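# Summary of the model geometry
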Amino acid sequence: MDINGKYFKSYLEREDAFKKQYNADRIKKQHAKGKLTAHERIALLFDSGTFEEIDAYVTPSDQGVEFGKIEMSYGDGVVTGHGMIDGRLVFAYAQDFTIMGGSLGIVHARKIAKIQEMALKMGAPIIGINDSGGARIQEGIASLNGYGIIFNNIIQSSGIIPQISVIMGPAAGGAVYGPALTDWVFMTSHTSYMFVTGPNVVREVLNEDISSEDLGGAETHARKSGVANMIYDDEENTIIALRKFLSYLPSNNLENPPVAAYDNSTPDVNEKLRDIVPDDPNKAYDVRDIISLIVDRNSFFETSELFAPNIVTGFGRLEGKTIGIVANQPKVLAGVLDIDSSTKGARFIRFCDVFNIPILTLEDVPGFLPGKDQEHSGIIRHGAKLLFAYSEATVPRITIILRKAYGGAYIVMNSRSMGGDFNFAWPSAEIAVMGPDGAVAILYRRELADAKDPVAMKKELVKRYREKVANPFIADEKGYIDEVIDPAMTRRKVLSAFTALSNKSVKVPSRKHGNMPL
Ligand code: HXC
């Protein structure tokens, strides 16, 4: 084609118009807030030069034009397309706040829906970068309908492809449900917020003053609501972490996670593991010190770190293969199970299960958190989610009881009877209906009340209870666990157990779906 010919000239002119539509003042404003533009974010996210934009020249619906204030921009305020991350196909959209505040009109919505449908068809992850004033006010019901299409697509793709939301600006009103429906939510601190109703409405309706940051900033959602799984200080670090995070996941539910190159200097037998759990059962320790000695060196990626830290969840690798880890954290609330830790654990387990990620459970749990607050807020219903999630999971499941494994909490944490494939215990394990002190106080209440020296008597009874009931050797000898192992051998045992389970296949009877307590 003649480069000076009429048609090619039109092509170049349109390309020029596309570039010129980006208003320098708005970009400056975006940068001044510490935010990048949609194209800058996309460039950071994908392997250099691999992103292909789709529908860049589509123009907004004229539905709202009669009302005015519709910018006849190309692309309608959202960048959509596909590219490679670590050499693997990923689809993405990034809302462009510099065009009509990234607001979602019907054309914008259709672009997102098209990318969602392509990602599903191709079996590739989808990442949505959200930075939007929400439903485009001028378009009325058309934009609400657009949200409905997007939400429905997310739900239809759930459990088939990983769906990740990144919040890098406002996400308000019903628009928050898009990210909430996806598997993971990343947020950038101080520049992003999510709420169903903003501070103005809160002030009007409840007469309460609260800032956007306190109501729905990244810290709030990472620590309090659990809506945000991962938060980072700036956009660049958010995207770097997201790229790393993706490396643990398969592209879809029919694939296994990719096998990464790993540091083979991680010792399979490590005596340091013998010294982490203190002799005194009331002393705390950080279970992450144990995790980091079991998985490949530097491979642990903690998820939802700030929410319900009494349970630790995250991905790690064993000889390059992804596993999911669920561990009670004795350092926080003695590792007790409460509402938040139960739902955090359950959701993590379900993600691992749908994406073929084997689960390693490290158990040191004194029980469920007692009290009115927990009971009235539904610890029964929420704790049941954890039971349901474990029992339903068909991926390989291994448990190591490190120390306390009491009562219902013992059963919940992937016990043999709940379908755990291999259940090991360290010699420090205490497996029983309850802790020795509580058990003796109930069983010998009258005798202790009548005793001349109740303190000495209790001490003796506690010792006997430990010897006769609450130790792992009894559980081992009666066949309730597979083996009491030397802590130093843990990585080796886990590696060979997961190898033994690598072809695990479970036939689930046909049903529409179970009725998980919600
Ligand atoms: C159309 C919008 C818009 C919207 C922002 N803009 N939000 N245009 N529809 N929803 C436009 C502004 O008019 C402005 O245009 C430009 O985007 C930048 O916005 P500013 O207000 O200048 O930016 P800033 O000061 O940073 O404030 C950002 C903001 C504010 C807090 C998001 O714009 C805002 O409150 N917007 C409305 C938010 C909202 O109520 N959305 C509906 C939520 S309900 P100009 O031309 O001046 O540059 C919802 C329902 C979803 O989304 C339902 C799903 C089921």
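Here goes a summary of the coordinates provided. Everything numeric here is computed off the predicted structure, so don't read it as measured data.

So, on to the sheet that holds strand β7 (residues 184-188). Pairing is mixed in the open sheet, where seven strands are placed in the order β1-β2-β3-β4-β5-β7-β9. Each edge of the open sheet carries a strand with a single partner, namely β1 (52-54) and β9 (230-232). In this sheet, adjacent strand axes meet at a mean angle of 20° when their direction is disregarded. Here four bridges tie strand β5 (residues 163-167) to β7, and the two strands are oriented parallel to one another. Bridging across to β7, Ile-167 finds its partner in Met-187. The strands that helix α3 (residues 38-45) touches are β1, β2 (78-85), β3 (88-95) and β4 (126-130); relative to β3, the one it contacts most, it runs at about 160°.

Let us look at the pattern of salt bridges. Following the criterion strictly, the structure yields 25 salt bridges and no others. Taking the shortest distance from any N to any O, the salt bridge between Lys-331 and Asp-286 comes out at 3.5 Å. Linking Lys-331 in the loop between β12 (321-328) and α12 (339-354) with Asp-286 in the loop between α10 (235-246) and α11 (287-294), this pair joins segments that are 45 residues apart in sequence. Taking the shortest distance from any N to any O, the salt bridge between Glu-305 and Arg-288 comes out at 3.8 Å. In this pair, Glu-305 sits in the loop between β10 (301-303) and β11 (311-318) while Arg-288 sits in helix α11, placing the two residues 17 residues apart along the sequence. Ionic contacts of the salt-bridge type, sharing partners, join the residues Asp-286, Arg-288, Glu-302, Glu-305 and Lys-331 into one network.

This next bit is on the packing of aromatic side chains. Counting across every chain of the model gives 21 aromatic pairs. The interplanar angle of 45° and the centroid separation of 5.8 Å between the aromatic rings of Tyr-147 and Phe-151 together place this pair among those described as tilted. In this pair, Tyr-147 and Phe-151 both sit in helix α5 (residues 141-157), four residues apart, roughly one turn of the helix. Phe-151 gets classed as buried once you look at its relative accessible area, which sits at 19%. A network of ring pairs unites the aromatic residues Trp-184, Phe-186, Tyr-232, Phe-245, Tyr-248, Phe-301, Phe-315, Phe-348, Phe-351 and Phe-355 as a single cluster. If you follow Arg-14 out to its NZ or CZ, it ends over the ring of Tyr-57, 3.8 Å from the centre. For the cation-ring pair, Lys-35 lies above Phe-97, with the distance from its terminal atom to the ring centre recorded as 4.6 Å.

Counting 48 residues, the largest nonpolar core has Ile-127 and Phe-315 as the members making the most contacts within it. When near neighbours in sequence (up to four residues on either side) are disregarded, Ile-127 contacts Leu-45, Ile-85, Val-90, Phe-91, Ala-92, Tyr-93, Ile-164, Val-166, Leu-242 and Leu-246. Leu-293, Val-312, Leu-362 and Ile-398 belong to the second-largest nonpolar core, a separate cluster that totals 29 residues.

Turning our eyes to something else, we now look at a nonpolar patch on the surface. A cluster of nonpolar side chains, contributed by Ile-155, Tyr-177, Leu-181 and Val-196, occupies part of the molecular surface with about 350 Å² of accessible area. Structurally, Ile-155 can be placed in helix α5.

In terms of residue burial, β7 counts as a mostly covered element, since five of its five residues are buried. What you see with β7 is no split at all: Trp-184, Phe-186 and Thr-188 on one side and Val-185 and Met-187 on the other are buried throughout. Sheet topology note: the β7/β9 ladder contains three bridges and is parallel. Within β9, the position partnered with Met-187 by the bridge is Ile-231.

For the ligand, the set of nearby residues contains 22 residues, the closest of which are Lys-33, Gly-101, Gly-133, Ala-135 and Ile-137. Interatomic distance of 3.3 Å between a side-chain N/O atom of Arg-26 and an oxygen atom of the ligand. Contact between the ligand and Ile-137: a nitrogen atom at 3.1 Å from a main-chain N or O atom of the residue. Listed by contribution, the elements that provide at least two residues to the shell around the ligand are α2 (24-32), α5 and β6 (170-172).

The residue Asn-471 is located in the loop between α18 (454-468) and α19 (472-477) in this model. Residue class for Asn-471 comes out buried when judged on its relative accessible area of 12%. Here Phe-473 takes part through its backbone nitrogen, which lies 2.9 Å from a polar atom of the side chain of Asn-471. In this structure the side chain of Asn-471 is engaged in a polar contact, spanning 3.2 Å, whose partner is the backbone nitrogen of Ile-474. Ignoring sequence-local partners within four residues, the contact set of Asn-471 consists of Ala-429, Ile-431 and Arg-466.

Thresholds, definitions, all that
Residues numbered from 1 in each chain as written. Predicted model: local features only at pLDDT ≥ 70, side-chain atom pairs only at ≥ 80, totals over all residues. Heavy atoms only, no water. Pairing = 2+ DSSP bridges. Helix = DSSP H or I, 4+ residues; strand = E, 2+ residues; numbered from the N terminus. Axes fitted to C-alpha atoms, helices over the stretch in contact; angles between N-to-C directions. Contact = heavy atoms within 4.5 Å. Salt bridge = Lys/Arg side-chain N within 4 Å of Asp/Glu carboxyl O. Phe/Tyr/Trp six-rings, centres within 6.5 Å; stacked < 30°, edge-to-face > 60°. Buried < 20%, exposed > 50% of the residue type's maximum accessible area, 1.4 Å probe, protein only. Lys NZ or Arg CZ within 6 Å of the ring centre and 35° of its normal. Core = buried A, V, L, I, M, F, W, Y, C linked by side-chain atoms within 4.5 Å. Patch = residues over 30% accessible without salt bridge, like charges linked within 9 Å, V, L, I, M, F, W, Y side chains within 5 Å. Areas by Shrake-Rupley, 256 points an atom, 1.4 Å probe, with all protein chains shown as cover. Near = heavy atom within 4 Å. Polar contact = N/O pair within 3.5 Å; in protein donor to acceptor, adjacent residues only side chain to side chain.

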